[in-house]
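# Fold and geometry: a report
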Amino acid sequence: MFSKILIANRGEIAVRVIKTCRRMGIKTVVVYSDADAGSLACEMADETVHIGPSPAAQSYLIQDKIVDAVKQTGAQAVHPGFGFLSENASFARRLKAEGIAFIGPNPEAIDAMGDKITSKKFAAEAGVSTVPGHMGLIETPDEAVKIAREIGYPVMIKASAGGGGKGIRVAHSDDDMAEGFAAVKAEALNAFGDDRVFLEKFIVDPRHIEIQVLGDKHGNVIHLFERECSIQRRNQKVIEEAPSPLLDEATRAAMGAQAVALAKAVNYDSAGTVEFVAGQDKSFYFLEMNTRLQVEHPVTELITGVDLVEQMIRSAWGEQLAIKQDDLSINGWAIESRIYAEDPYRGFLPSIGRLVRYEQPEEGDQGDYTVRNDSGVREGDEISMFYDPMIAKLCAWGETRDDAVRGMARALEDTHLAGLGHNVPFLAAVMDQERFQSGQLSTSYIKDEFPDGFHGLTPTPEQVKILIASAVAMNEVIAEQDGDPSERTDWTVLVDKTAYEVEVGYDEAEDLIVAIDGEEVSLSEIDWRPGLSLFKAVLDDDAFTAEVKRAADGFDIRHRAAKARVRVLRPDVAHLYALLPEKQAADTSKLVLSPMPGLVVDIPVVEGQEVKSGETVAIIEAMKMQNILKAERDGKVKAVKAKAGDPVAADDVLVEFE
């Protein structure tokens, strides 16, 4: 077995690989850029090698630097993680030429599956169901329109070398096809240096289901069942689960057999994923194959008990698979939520900065559910603008899907982040939705359920009880610690603007009894003191965690996706609150504000310039995403407040109009 492995990656996947290597007794080397100096992965690795500046194009993507680090440290193999060089066939060949093992599939398999047109031809030859379409190259818009009519609208236009949701358009008519064909070719050329485009039938209301495969260098291939990855935003996965609530045993077996057939057709010899688009009628068609470890691999590990990283290492060493298909079965249900540094209340824009607070749920058996949290950051770490904004992959396992959903909701409650925007409230909102709980999923789920963006959810009647009881309990604790406990038992509690009449008392067990408009609830096992950000207790028989923050006149409380300003007031004071005028929002109509923290790429206007509505006035970049800001009306520039290269925070003024 290898004695030392170099990990050509960063963040949570580097940490994940280190954990398996430690268990196997293998030493690890982590390469790092300027931005990752002092990272958790660097702290955990046995050795580290600095490979350059923060931008990936100057560090993690430079093959020479990775190879030099291998030679410098005496590592015998490279695990590429995912992203960066993980699906780069030339990198796999380079390592082979240098006598270094690549912990991934052979370069020929990467080549075969890396090109979408070639991969679909392999799939068709292997008897894999493919979406009706045209796999040959298409040169002109007129040719594209003719082929689209033959396939039948709607038709998807896709870049052959695409990935990450880029280079994809859906055409519903000839006009859509002519316009979209040119746009996708241009996007593909800019993003991938390859403008080849193909067409395929667009499946209405589709689901994204993928099969995990595992092969060795002796011709053995197995599958480890499926993952459902339909909850997506901008073609990027957000929530994944295993198994899929759609599939029955027959469909599962058919998909698994086809995935194995395709893997064998290209002599696949590592962990990989065959992705399918599925109809609600359980029809399924090959989409593509990812020739690497997937971000969402933990849910497969949780339902099968197989360590996929270990299997990749053993395969790269040359061992035969010790697992046969008949050895595998599905045990329970697992869900993964991707926790990102992005602000759902601002259209999910990246939110870089320091993790001032990062409280993670306790991992392991929690009674009705089990928690796993794959994270590559710690409290106090900086979330950099140079890389993917992922903070953690939070997973919950339960014996049934309902158990897993409830477990994920509780684990999200126990996750607290401060210092930057994050999507935990949004993830919690999905867990609480009846549609998600029913398993009626599709890739349009987020667009369907949140058509106007995410603004949180209105508190349910049960959540109103949580908000009120938590505020009353904190009010009691603060008064007691201040040496000024009140004899008052009657209060008016305002949840935002809604008033509730509340009576407070204690029972023989010293549990807090709160009567809300005459309905009593019991609050026990209270775990909170001033200064803590999480309030934990049991309301009647149900444990909960709420995120809390003291405000000048009450508390800001969030339970899952519901948040409110909660004030515990004397009834006469509450009456006065109703008379206060509404605070008017500041007039920002003449200002162009940065929608997110990041770097200014360009401010293409100058003071005194006349600008027309729709003209670009600023470009901001963060986490590989560029945001182009356009003038909302005609006007004259009064002042330019930033220049190219400046770091800016959210809501910083970039341009001011007269």
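Higher on the page you've got the structure.
Residues numbered from 1 in each chain as written. Predicted model: local features only at pLDDT ≥ 70, side-chain atom pairs only at ≥ 80, totals over all residues. Heavy atoms only, no water.

## What about the environment of alanine 45?
Note the threshold: Comment: elements are numbered from the N terminus, with helices defined as DSSP H or I runs of at least four residues and strands as E runs of at least two. Residues are treated as being in contact if the distance between any of their heavy atoms lies within 4.5 Å.
Positionally, alanine 45 belongs in the loop between helix H2 (40-44) and strand E3 (47-52). Along the backbone, alanine 45 and alanine 14 are 31 residues apart, and their C-alpha atoms lie at a distance of 9.0 Å. Excluding its chain neighbours within four sequence positions, the residues that come into contact with alanine 45 are Ile18, Thr28 and Val30.

## Description of the layout of surface pockets
Formally: Put simply, the grid is 1 Å and covers the protein atoms alone, a cavity is a trapped set of points that fit a 1.4 Å probe, a pocket is an open set with protein on both sides within 12 Å along at least five of seven lines, and lining residues have an atom within 4 Å of a point. Grid points are joined across faces, edges and corners, and a volume is the space filled by probe spheres set on the points.
Estimated volume of the second largest pocket: approximately 900 Å³. If you go around the second largest pocket, you meet 36 residues; those closest to its centre are Arg406, Arg410, Glu413, Ala543 and Arg560. Going through the elements one at a time, helix H12 (401-413), helix H13 (424-432), helix H14 (434-438), helix H16 (461-481), strand E29 (534-539) and strand E30 (542-551) are the ones with two or more residues in the lining of the second largest pocket.

## Digging into the nonpolar core
Cut-off, in case you're wondering: Side-chain atoms within 4.5 Å link the members of a nonpolar core, which is a set of buried Ala, Val, Leu, Ile, Met, Phe, Trp, Tyr and Cys residues. For every residue, the accessible area (1.4 Å probe, protein chains only) is compared with the maximum for its type, and the residue is labelled buried under 20%, exposed over 50%, or partly exposed between those bounds.
The biggest cluster of nonpolar side chains holds 63 residues, and the ones touching the most others in it are Ile5, Leu6, Val31, Ile66, Val78 and Ile313. The element that contributes the greatest number of residues to this core is helix H1 (residues 11-24), accounting for seven residues. If near-sequence neighbours (up to four positions away) are discounted, valine 31 is found in contact with Leu6, Ile7, Ala8, Asn9, Val49, Ile51, Tyr60, Ile66 and Ala69. Within the second largest apolar cluster, 40 residues are counted, among which are Ala341, Val371, Ala404 and Leu427.

## Some details on the sheet that holds strand E38 (residues 635-640)
Using the following cut-off: Whether two strands pair depends on DSSP finding at least two bridges between them.
Strand order in this open sheet of four strands is E33-E40-E38-E35, and the pairing throughout is antiparallel. In this open sheet, the two strands that pair with only one neighbour each are strand E33 (591-593) and strand E35 (610-611). With two bridges connecting them, E35 and E38 associate as antiparallel partners. Within the sheet, the bridge partner assigned to valine 611 lies in E38 and is glycine 635.

## A short note on the pattern of salt bridges
How we decide: Salt bridges are identified by distance alone: a Lys or Arg side-chain nitrogen within 4 Å of an Asp or Glu carboxyl oxygen.
Considering all chains together, one arrives at 60 salt bridges under this definition. When the shortest N-O distance is used, the salt bridge between glutamate 301 and arginine 16 registers 2.8 Å. Remark: arginine 16 occurs in helix H1 and glutamate 301 occurs in helix H10 (residues 297-304); sequence separation between them is 285 residues. Residue classification places arginine 16 among the buried positions, given a relative accessible area of 7%. Lysine 643 is the salt-bridge partner of aspartate 646, the closest N and O atoms lying 3.2 Å from each other. Overall, lysine 643 belongs to the exposed group, its relative accessible area being 55%. Taken together, the shared-partner salt bridges in this structure form one network comprising Arg16, Arg23, Glu301, Asp307, Glu310, Arg314, Glu319, Arg372 and Asp374.

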